[in-house]
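Residues per chain are reported as follows:
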Amino acid sequence: TCLLGCAVDGHPTPNITWLYSGKPLSLQHQLLAAGRILQILNVSDFTDGEFSCLAQNEAGSLTQVMSLAIQEYRWSVDKLTACSASCGHRGLQLPQLRCLLDGAEVNTSYCRETPKPPLQPIACNRRDCPSRWMVTSWSPCTRSCGGGVQTRRVTCQRLTAKGSSVPVSNEACAQLSKRPVDTQNCNRQPCVEWTASSWGQCNGPCIGPRLAVQHRQIFCQTKDGTSVSSDQCSSLPRPLSTQNCWTDVCGVHWRVSLWTVCTATCGNYGFQSRRVDCVHIRTNKPVMEHHCSWRPRPANWQRCNITPCENGTLLRGGEAERCRSRKEGRVVSQKCSTGPC
């Protein structure tokens, strides 16, 4: 539908008459707002034309003229994309949709309510292709290092309009392009390997009974013995540079003597000691203490007899403690004897 308004006013209220091309309306229509608005139904059924409204009252008359132009957005498929192939059997062109208004292209959003026409790909360039070289993938290298060779197959073929590949003579391709190589060198990096020196003596730090650690040096070098950076051997499993080993040197243990007599029979200052040595199990001779460090070293002294002293008790002390006793109301004191620490 279409709404046309008659923008006139007067007093007394004028009578309004609508005309189409200067003649009374014969179109399907409705008058709204006391004739001031003309509603035309089914606009698409009529061509463009001139409408006018005649307003009349006792003071006179006034005519207002307007034109109705019917414009429709429509899809156009008059353009095609570039062909997907220059020859052979797979060339296709796709129609391009355009939204037009009176022959002029506008934004496609104006045509979104208009059904799109069906689009069918169009075959193009369906003809035999010129002869060309065809190559396969390279074969695996004959060597993993030190320089190997890999090959591939090179043939001259022509792709037909039916989609089949037909072998032709090499001369047909040689006239158009140089023949690709069918061999090439590969894995030219030098061959390397990990090498290790002899194991060192099994007299490293003891980590258990008769168990120690020995070391060796690890090198990366070429097959001819030239040392290179360790990075060049990083992809190879690296040998161990340390290992556990059995040695009589580590056949040791802590030997402890008996505790000495406590330096006091009571009080807070009594202690006792004992001798702690790292000795060889077989010879029972002392060795350096670090050989026994794999096991906690036993304590060589401890406090003892830590009980309160009663009146009249005399103490043996290591720090010349003053011992006291009450006798007949008189305080007597004496130095206690000192023993070895």
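Looking at an unreviewed UniProt entry, one finds the chain named ATL1 protein and attributed to Tichodroma muraria. UniProt annotates the chain under Subcellular location (unreviewed entry) with the comment "Secreted".

Novice: How would you summarise the overall build of the chain if you had to cite specific residues and measurements?
Specialist: The helix and strand inventory of the chain stands at 1 helix and 27 strands. Taking all 341 residues of the chain together, the buried fraction comes to 28%. The contacts of the chain with a sequence gap of at least 6 include a subset with a gap of at least 24, amounting to 59%.

Novice: Explain the side chain of glutamine 272 to me, using residue names and the numbers behind them.
Specialist: With respect to the element layout, glutamine 272 can be found in strand β23 (residues 271–273). By relative accessible area, glutamine 272 is classed as buried at 14%. From its side chain, glutamine 272 meets the backbone oxygen of threonine 260 in a polar contact 2.8 Å long. Reaching out from glutamine 272, the side chain makes a polar contact with the side chain of glutamine 302 at a distance of 2.7 Å. Other than its neighbours up to four places away in sequence, glutamine 272 contacts Trp259, Thr260, Val261, Cys262, Asn300, Trp301, Gln302 and Cys304.

Novice: How would you sum up the nonpolar core? Please name residues and give values.
Specialist: Leu4, Ile16, Trp18, Leu25, Leu38, Ile40 and Phe51 are the most contacted members of the largest nonpolar core, which totals 17 residues. For this core, the secondary structure elements donating two or more residues are β1 (2–5), β2 (15–20), β5 (37–40), β6 (49–57) and β7 (60–68).

Novice: Help me get a handle on the sheet that holds β5, residues and values and all.
Specialist: Across the sheet, 3 strands lie side by side as β1-β5-β4; this open sheet has antiparallel pairing. The open sheet has two free edges, formed respectively by β1 and β4 (29–32), since each of these has just one partner strand. Across the sheet, the mean angle from the axis of one strand to that of its neighbour is 20 degrees, orientation sign disregarded. Sheet analysis places β4 next to β5, joined by 4 bridges and oriented antiparallel. Residue pairing in the sheet places leucine 31 in a bridge with leucine 38 of β5.

Novice: I'd like a description of the pairing of strand β20 (residues 218–222), backed by residues and values.
Specialist: Counting buried residues in β20 gives 4 out of 5 residues, a clear majority hidden from the surface. Taken together, the 5 bridges between strand β18 (residues 192–196) and β20 define a ladder with antiparallel strand orientation. Bridge pairing in β20 places glutamate 193 opposite glutamine 221.

Novice: Go over unusual backbone geometry with me, naming the residues and quoting the values.
Specialist: Look at the link from histidine 11 to proline 12: it is a cis peptide, with omega at 0 degrees. Of note, proline 12 is situated in the loop between β1 and β2. Positive phi values are uncommon outside glycine, yet serine 21 reaches one of about 55 degrees. With respect to the element layout, serine 21 can be found in the loop between β2 and β3 (23–24). We note that aspartate 102 has phi near 55 degrees; this positive angle belongs to a residue other than glycine. One can find aspartate 102 in the loop between β10 (95–101) and β11 (104–106). The class for aspartate 102 is exposed, based on a relative accessible area of 58%.

Novice: Got a sec to walk through the state of the cysteines? Specific residues and values, please.
Specialist: The final tally for this structure, using the stated rule, is 13 disulfides. One disulfide bridge connects cysteine 141 with cysteine 186, the sulfur atoms lying 1.9 Å from each other. Its torsion about the S-S bond being 90 degrees, the disulfide of cysteine 141 and cysteine 186 is classed as right-handed. Of this pair, cysteine 141 sits in the loop between β13 (132–135) and β14 (148–151) while cysteine 186 sits in strand β17 (residues 183–186); the two residues are 45 residues apart in sequence, bridging distant segments of the chain. Judged by its relative accessible area of 23%, cysteine 141 is partly exposed. Disulfide pairing places cysteine 262 opposite cysteine 304 at an S-S distance of 1.8 Å. Across the S-S bond of cysteine 262 and cysteine 304 the torsion is about 90 degrees, and the bridge reads as right-handed. Here cysteine 262 is found in the loop between β22 (252–256) and β23, whereas its partner cysteine 304 is found in the loop between β25 (301–303) and β26 (322–327), with 42 residues between them in sequence. By the burial criterion, cysteine 262 is buried, and cysteine 304 matches it.

Calculation criteria
Each chain has its residues counted from 1, running along the sequence as written. A pLDDT threshold of at least 70 governs which residues receive local features in this predicted model, and a stricter bar of 80 or more applies before side-chain atom pairs are shown or counted, although totals over entire chains, interfaces and linings include all residues. Hydrogens are left out, water is left out, and the side-chain values use all remaining heavy atoms of the structure. UniProt positions are given in the numbering used here, feature names are shortened, and annotations may be inferred rather than shown by experiment. In this text, helices come from DSSP runs of H or I with a minimum length of four residues, and strands from runs of E with a minimum of two, each type numbered from the N-terminal end. Buried residues are those whose accessible area, probed at 1.4 Å on protein chains only, stays under 20% of the maximum for their type, while exposed residues exceed 50% and partly exposed ones sit between those limits. For this analysis, residues touch if any pair of their heavy atoms sits within 4.5 Å. Counted as a polar contact is a pair of N or O atoms within 3.5 Å, where, for protein atoms, one must be capable of donating a hydrogen and the other of accepting one, and residues adjacent in sequence contribute only when both atoms are in side chains. Residues belong to a common nonpolar core when they are buried Ala, Val, Leu, Ile, Met, Phe, Trp, Tyr or Cys residues joined through side-chain atoms within 4.5 Å. Any two strands are treated as partners once DSSP identifies two or more bridges connecting them. The convention used is that axes are lines fitted to C-alpha atoms, helices contributing only their stretch in contact, and that angles between N-to-C directions extend from 0 to 180 degrees. Disulfide assignment relies on a single distance test, namely cysteine sulfur atoms paired within 2.5 Å.

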